[in-house]
Amino acid sequence: MATLEIKDLHAEVDTEEESKEILTGVNLTVRSGETHAFMGPNGSGKSTLAYAIAGHPKYRVTAGSVLLDGEEVLEMSVDERARAGLFLAMQYPVEVPGVSMSNFLRSAATATRGEAPQIRHWVKEVKQAMNNLDIDESFSERSVNEGFSGGEKKRHEILQLDLLKPTFAVLDETDSGLDVDALRVVSDGINRYTESGDKGVLLITHYTRILKHVRPDYVHVFVGGQVVESGGPELADELEESGYVRFTEKKEAAVQS
Amino acid sequence: MTESTLEKSGPHGLDEHSHGGTAVPQSSRGHRFTSYDVEAFEVPGGREEDWRFTPVKRLHGLHDGSAAATGSLHVEVGGDSAVRVETVGRDDQRLGTAGAPADRVAAQAWCSFTEATVVTVPKDTQTAEPITVTVHGPGKGETAYGHLQLRAEPLSESVVVLDYRGSGVIGENVELIAEDSARLSVITIHDFSDDATQVSSEHVHLGKDAVFRHFAVTLGGDLVRVNTKVTFGDRGGDADMLGVYFSDSGQHLEHRLLMDHAQPNCRSNVTYKGALQGDSARSVWIGDVLIQAAAEGTDTFELNRNLVLTEGARADSVPNLEIETGEIVGAGHASAIGRFDDEQLFYLQARGIPYDQARRLVVRGFFGEILQKIPATDVRERLEAAIDEELAAVGA
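What you see is a predicted model; the values in this text were computed from it and never measured.

Focus on the UniProt feature "domain: SUF system FeS cluster assembly SufBD core" (unreviewed entry) in chain B
Alright, step 1. UniProt's feature table lists "domain: SUF system FeS cluster assembly SufBD core" (unreviewed entry) at residues 140-366 of chain B, given in the numbering used throughout.
Alright, step 2. When the span residues 140-366 of chain B is considered, its composition is 9% helix and 61% strand, and the gap between its end C-alpha atoms is 33 Å.

Points about the nonpolar core
Alright, step 1. Among the nonpolar cores identified, the biggest contains 114 residues, and A:Leu49, A:Phe104, B:Ile187, B:Phe246, B:Val363 and B:Phe367 are the most heavily contacted of them.
Alright, step 2. By residue number, the principal contributor to this core is helix 3 (residues 355-371) of chain B, which donates 8 residues.

What to know about unusual backbone geometry
Alright, step 1. If you check the backbone angles, A:Lys165 has positive phi at about 40 degrees while not being a glycine.
Alright, step 2. Structurally, A:Lys165 can be placed in the loop between helix 5 (150-164) and strand 9 (168-172).
Alright, step 3. With a relative accessible area of 47%, A:Lys165 lands in the partly exposed category.
Alright, step 4. One non-glycine residue, B:His60, lies in positive phi territory at about 55 degrees.

Concerning the UniProt feature "domain: ABC transporter" (unreviewed entry) in chain A
Alright, step 1. In the numbering adopted here, UniProt assigns the feature "domain: ABC transporter" (unreviewed entry) to residues 4-249 of chain A.
Alright, step 2. Strand forms 30% of residues 4-249 of chain A and helix 36%; the C-alpha atoms that close the span are 30 Å apart.

Brief notes about the packing of aromatic side chains
Residues and elements named next belong to chain A.
Alright, step 1. All told, the structure shown has 11 aromatic pairs over all chains when counted by the stated rule.
Alright, step 2. Taking 5.4 Å as the distance between ring centres and 10 degrees as the angle between the ring planes, the aromatic pair formed by Tyr 51 and Tyr 59 counts as stacked. Here Tyr 51 and Tyr 59 have matching classes, each one buried.
Alright, step 3. Here the aromatic rings of Phe 139 and Phe 148 are separated by 4.9 Å at their centres, their planes lie at 90 degrees, and the arrangement is edge-to-face.
Alright, step 4. Relative accessible area serves as the criterion here: at 6%, Phe 148 is assigned to the buried category.

Some thoughts on helix 2 (residues 342-349) of chain B
Alright, step 1. Of all 8 residues in helix 2 of chain B, 6 are buried; the element is thus mostly enclosed.
Alright, step 2. All of the buried residues in helix 2 of chain B are B:Gln344, B:Leu345, B:Phe346, B:Tyr347, B:Leu348 and B:Gln349.

Here's the deal with the pairing of strand 15 (residues 252-261) of chain B
Along a regular strand, successive side chains alternate from one face of the sheet to the other.
Residues and elements named next belong to chain B.
Alright, step 1. Summarising burial for strand 15: 10 of the 10 residues are buried, a large majority.
Alright, step 2. Judged by which residues are buried, strand 15 turns out to be covered on both faces: His 252, Glu 254, Arg 256, Leu 258 and Asp 260 on one side and Leu 253, His 255, Leu 257, Met 259 and His 261 on the other are all buried.
Alright, step 3. Across 9 bridges, the pairing between strand 13 (residues 223-232) and strand 15 is parallel. From the neighbouring strand, Leu 223 faces strand 15, where its bridge partner is His 252.

Description of the pattern of salt bridges
Alright, step 1. Considering all chains together, one arrives at 38 salt bridges over all chains under this definition.
Alright, step 2. Taking the shortest distance from any N to any O, the salt bridge between A:Glu12 and A:Arg60 comes out at 2.8 Å. Highlighted residues: A:Glu12 in strand 1 (residues 3-14) and A:Arg60 in strand 4 (residues 59-68), separated in sequence by 48 residues.
Alright, step 3. Take A:Glu12: its relative accessible area is 17%, and that puts it in the buried class.
Alright, step 4. Its relative accessible area of 35% is what places A:Arg60 among the partly exposed residues.
Alright, step 5. Two residues, B:Arg32 and B:Asp288, come together in a salt bridge whose shortest N-O distance is 2.9 Å. Remark: B:Asp288 occurs in strand 17 (residues 282-291) and B:Arg32 occurs in the loop between strand 2 (14-19) and strand 3 (74-78); sequence separation between them is 256 residues.
Alright, step 6. Residue classification places B:Arg32 among the partly exposed residues on the basis of a relative accessible area of 24%.
Alright, step 7. A network of salt bridges, in which partner residues are shared, links B:Asp50, B:Asp103, B:Arg225, B:Glu254 and B:Arg256.

Topic: the interface of chain A and chain B
Alright, step 1. Taken together, the 31 residues of chain A in the interface contact 17 residues of chain B.
Alright, step 2. For the pair chain A and chain B, the interface holds 1 salt bridge.
Alright, step 3. Linking B:Arg351 and A:Glu157 is a salt bridge whose minimum nitrogen-to-oxygen distance equals 2.7 Å.
Alright, step 4. Linking chain A with chain B are 10 residue pairs in polar contact (both at pLDDT 80 or more), by the criterion used here.
Alright, step 5. Examining the composition of the side of chain A that touches chain B, we find that 6 residues originate from one element, helix 3 (residues 101-113) of chain A, more than from any other.

Description of the packing of helix 2 of chain B against helix 3 of chain B
Two numbers describe a pair of packed helices, the interaxial angle and the distance between the axes.
Residues and elements named next belong to chain B.
Alright, step 1. The interhelical angle for the contact between helix 2 and helix 3, taken along N-to-C directions, is 125 degrees, at an axis separation of 9 Å. Between helix 2 and helix 3, the crossing angle belongs to the class labelled oblique. For helix 2 against helix 3, the interelement crossing comes out right-handed. Every residue of helix 3 that contacts helix 2 at Gln 344, Leu 345, Leu 348 and Gln 349 is listed here: Tyr 355, Ala 358, Arg 359, Leu 361 and Val 362.
Alright, step 2. Here the residues of the contact of helix 2 with helix 3 are counted per class, giving 6 nonpolar, 2 polar and 1 charged.

A word on the sheet that holds strand 12 (residues 226-231) of chain A
All names here are of chain A.
Alright, step 1. Strand order in the open sheet formed by 6 strands is 6-9-10-3-11-12, with mixed pairing between adjacent strands. Of all the strands in the sheet, just strand 6 (86-89) and strand 12 have a single pairing partner and so form its edges. Strand-to-strand twist in this sheet, taken as the mean axis angle between neighbours without regard to direction, amounts to 20 degrees.
Alright, step 2. The pairing of strand 6 with strand 9 spans 4 bridges and is classified as parallel. Bridging across to strand 9, Ala 89 finds its partner in Leu 171.
Alright, step 3. Across the sheet, helix 1 (residues 46-54) lies against strand 3 (35-39), strand 6, strand 9, strand 10 (200-205) and strand 11 (218-223), angled at about 145 degrees from strand 10, the strand it touches most.
Alright, step 4. Contacting strand 6 and strand 9, helix 5 crosses the sheet at an angle of about 165 degrees to strand 6.

Scoring rules and cut-offs
- Residues numbered from 1 in each chain as written.
- Chains lettered and ligands numbered in written order.
- Predicted model: local features only at pLDDT ≥ 70, side-chain atom pairs only at ≥ 80, totals over all residues.
- Heavy atoms only, no water.
- UniProt positions renumbered as here; feature names shortened; annotations may be inferred.
- Helix = DSSP H or I, 4+ residues; strand = E, 2+ residues; numbered from the N terminus.
- Core = buried A, V, L, I, M, F, W, Y, C linked by side-chain atoms within 4.5 Å.
- Buried < 20%, exposed > 50% of the residue type's maximum accessible area, 1.4 Å probe, protein only.
- Phe/Tyr/Trp six-rings, centres within 6.5 Å; stacked < 30°, edge-to-face > 60°.
- Pairing = 2+ DSSP bridges.
- Salt bridge = Lys/Arg side-chain N within 4 Å of Asp/Glu carboxyl O.
- Contact = heavy atoms within 4.5 Å.
- Polar contact = N/O pair within 3.5 Å; in protein donor to acceptor, adjacent residues only side chain to side chain.
- Axes fitted to C-alpha atoms, helices over the stretch in contact; angles between N-to-C directions.
- Parallel < 35°, antiparallel > 145°, perpendicular 65-115°, else oblique.
- Left-handed = near helix turned anticlockwise from the far one by under 90°.
- Nonpolar A, V, L, I, M, F, W, Y, C, P; charged D, E, K, R; others polar.

In structure tokens, the structure reads:
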């Protein structure tokens, strides 16, 4: 049983004029076997949380801690975090010209598993994973994300999730920009990943649409850089009905008082 | 005319320029003065268009007549036995047929060499393995002038590796000739020790339907300046000019290309990619294309990309296109200088790939497009290893 604990996390980002605090004290615990939906309006800091956990250099953590089974994640380099079992499916995956998808996947698997996968098994494994996500095999010889459509990039993020099998996955708006069919394919991929029962997921989303395919155990509402309410799946239903207005007002009221 | 200069780049700074139209310069750079007489050229002071990017103080007198020859180049030729190798005197009538010197150093080299090496691939010969021409510099503190001619006779097919090593101050002319319907690939590797100075003029001449492939690889040397001019003697010539360079702290690596299209239905493509790292690492790329009035049906493109790995390095990139006829298939150019992309590194690292390996992947990827086309596996592997070594040297 693994645990990812986020405690009073504050983070800021440098804009051209000033440093701006985006995360204002995030508290959250995800245990293996749990799926947490993390919902909030645009600009609430959801992606910042994802990047701060992964260690993106643009975001500076000013207070708090992120513990993976008691180990301080914030003291690790970006690649150490990944090797420790954290994964971030990015909202806007980066293009890396000249690096083939197959070379990239194999390098990543070698790094996270601690040894190079045996070539025969590996080829089979990748092929199976690509088939599961309706990805054409020709993609493995293309440069990482280069010229991929939005949907293709998202499928490849889930392909990496499937192959690397991290302990905890943060999925940053993996559902955005997907059509109905692609959403189903990607959701099936996430469900395959969690089916072993020992994985933890932090599913960041703006819409409730994906939650019809991926059932969360917990739903958190994120406003103004912190969690303002937590509940079960019924909280998502309320958001579906009424939107974020109740929570944004609540937050403003709290700020004013 | 377009110029992109980057001295200090901001995060994800990218300066991109690309279009396919005409660019009319103030004065023609394509119609260039040439002469075999060194005194026909002024001593460059560093402000001339041809010299404004070159630190003339580091030329050790190659440019002003003060660099007397104190040594000589040592040339070794290996590979296919069908190839003729000759050492000839200045009076050999074949020399200088590919083109006349277009700057003072080239004219100085022409006036100063004592013997030339001529390598000939005979008519209708296909060489089984690459011909290797290894040129050793005269040694530290010594000056040498050289002349080399590679001639591929009609219908021949060959690959030549021209490998520069050692040290010294070198001025030279290199003639690369692909006669009618010949297919000639030349891989030029400038891999001198860090104190060497080389100013080289390459004169490339293509016959009817000749196919020429050039790979210029520049890694070592304090100052390396290579002028490459391609001329077409008849229709149907096809030239691919590919280059990679890696400039470290203190190095000045300069490539100046001129594609002179004077014949109809010829094609040229120029793609040079460079990486720079370390304080005062410098690179200069000048890509001139001239499409003369007679050169209808010309198809040409030139591209230069630079990857600035660290602060303080500086790349200059100047593409220039002069077109004297509208009856062409295509003409375009693109040039960009970009900072090493932190987002790419983050993405690879976020998948567990360690920093050094991620950096290697990105830079290899950047050069990969060109390295993959090099038609000699051992050379390709050597260059990949050399680039890895350059990266490791910084250990950032």
